[in-house]
Amino acid sequence: MSTFTVKGSRNGSLVHVTWTDGRISGDFPTVDLLLTEAELVPILHADAYAARALPHLDGMTAAPLQDAAAAYRLIVHVMDSVRETTGDVPAVT
């Protein structure tokens, strides 16, 4: 089992998200935003105009929450700041 937790802030609140083998849990509004952003990725692969509008999702796998590195990249993107990461934090380039 692979798992990591990212703690930080978003919209002035302290939040955390835990990724465990393709599943995320934690602060509900942040998890909800992550699920929404992840749903957009396959659309961007088929729509170049949309891809230009959301460059932070560019180059992600079609199911970013299934891949630890892509999930970490997405989690860090939606947070305003990251205070701590623990667990099996993937190497992100």
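Predicted, not measured: the structure shown is a model, and the values here were computed from it. (Residues numbered from 1 in each chain as written. Predicted model: local features only at pLDDT ≥ 70, side-chain atom pairs only at ≥ 80, totals over all residues. Heavy atoms only, no water.)

## Here's the deal with the overall build of the protein
Now for step 1: A count of helices and strands for the protein gives 3 helices and 4 strands.
Now for step 2: Listing each helix as α and each strand as β along the protein from the N terminus yields β-β-β-α-α-α-β.
Now for step 3: A globule of 93 residues ought to have a C-alpha radius of gyration of about 12 Å, and the protein, at 13 Å, matches this closely.
Now for step 4: Here the C-alpha coordinates of the protein stretch approximately 35 × 30 × 25 Å along the principal axes.
Now for step 5: Within the span of the protein, comprising 93 residues, buried residues form 37% of the whole.
Now for step 6: A fraction of 44% describes how many contacts in the protein between residues 6 or more apart in sequence connect residues 24 or more apart.
Now for step 7: Seen as two clouds, the 6 positive and the 11 negative side-chain charges of the protein have centres 4 Å apart. (Helix = DSSP H or I, 4+ residues; strand = E, 2+ residues; numbered from the N terminus. Rg over C-alpha atoms; globule rule 2.2 N^0.38 Å. Buried < 20%, exposed > 50% of the residue type's maximum accessible area, 1.4 Å probe, protein only. Contact = heavy atoms within 4.5 Å. Lys, Arg positive; Asp, Glu negative; His and termini not counted. Charge placed at Lys NZ, Arg CZ, Asp CG, Glu CD.)

## Focus: the nonpolar core
Now for step 1: By size, the foremost hydrophobic cluster in this structure holds 21 residues, and its most contacted members are Phe4, Ile24, Leu34, Leu74 and Ile75.
Now for step 2: Every element with two or more residues in this core is listed here: strand 1 (3–10), strand 2 (13–20), helix 1 (28–46) and helix 3 (68–78).
Now for step 3: Per-element tally for this core: the top contributor is helix 3, with 6 residues. (Core = buried A, V, L, I, M, F, W, Y, C linked by side-chain atoms within 4.5 Å.)

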